[in-house]
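Reading the structure
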Amino acid sequence: MNGVMKRIDSIFKKLKNHENEIGLKLEFEVNGKGKEYQFEGENINITIGRDSSNDVVIEHNSVSRNHARLWIKDGAIWVEDLGSKNGTFIRDKKIYGSQRVGNEITVGWVRVKIDMLTHKKDNDTYICDEKYLLVSLITGIILAITGTGIIILALFYSFL
């Protein structure tokens, strides 16, 4: 079993090395108009607010001038409310301080959808989700057990 775990670990290291960059995509709608922002890089630190000095500008009266901050730490998305008047919410619960985020926050009364992105070396962009991780894990297990997983690995990646 120890050999199986070493091979699975080796596969995940190779998959991780295949990716070279991460990013965030934010989408929201104000007054019937949709907006989308994308940020890339290792040290993402995004400010959100009504003021034009923010990275993400949301022109809505419920959003404070400097409302919230998003960043990536240890592969997770974090948010911090910057003392806004109407608050920042995760699943309709007001946050205090900083907290990990799933795929959505509410800034004032505006819902913001958040996707973590990764960029492969060939510049194809895809959303890193549970399906991708599950397929990678199954492929790794098959490879570790059978030793012929390279063909199965190619088949799985063709479906991603």
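Residues numbered from 1 in each chain as written. Predicted model: local features only at pLDDT ≥ 70, side-chain atom pairs only at ≥ 80, totals over all residues. Heavy atoms only, no water.

Let's shift gears to the overall build of the protein. Assigned secondary structure in the protein consists of 3 helices and 12 strands. Buried positions account for 38% of the 160 residues belonging to the protein. Intrachain contacts of the protein at a sequence separation of at least 6 include 39% that bridge at least 24 residues. Just so you have it, the protein exposes about 10,100 Å², and 51% of that area is on carbon and sulfur atoms. (Helix = DSSP H or I, 4+ residues; strand = E, 2+ residues; numbered from the N terminus. Buried < 20%, exposed > 50% of the residue type's maximum accessible area, 1.4 Å probe, protein only. Contact = heavy atoms within 4.5 Å. Areas by Shrake-Rupley, 256 points an atom, 1.4 Å probe, with all protein chains shown as cover.)

As a further point, take the nonpolar core. Among the nonpolar cores identified, the biggest contains 27 residues, and Leu70 and Ile105 are the most heavily contacted of them. Every element with two or more residues in this core is listed here: strand 1 (19-30), strand 2 (33-40), strand 3 (45-49), strand 4 (56-57), strand 5 (68-73), strand 6 (76-81), strand 10 (104-107) and strand 11 (110-120). When residues no more than four places from it in sequence are discounted, the contact partners of Leu70 are Leu26, Ile44, Asn45, Ile46, Ile48, Ile77, Trp78, Val79, Val101, Ile105 and Ile114. (Core = buried A, V, L, I, M, F, W, Y, C linked by side-chain atoms within 4.5 Å.)

With that out of the way, let us pick up unusual backbone geometry. Look at Asn31: it is not a glycine, yet its phi comes out positive at around 55°. Relative to the assigned elements, Asn31 resides in the loop between strand 1 and strand 2. Classification of Asn31 as exposed rests on a relative accessible area of 68%. Of note, Arg91 is a non-glycine position whose phi angle comes to about 50°, a positive value. You can see Arg91 is positioned in the loop between strand 7 (88-90) and strand 8 (93-94). In this structure Arg91 comes out as exposed when scored by relative accessible area, which is 70%.

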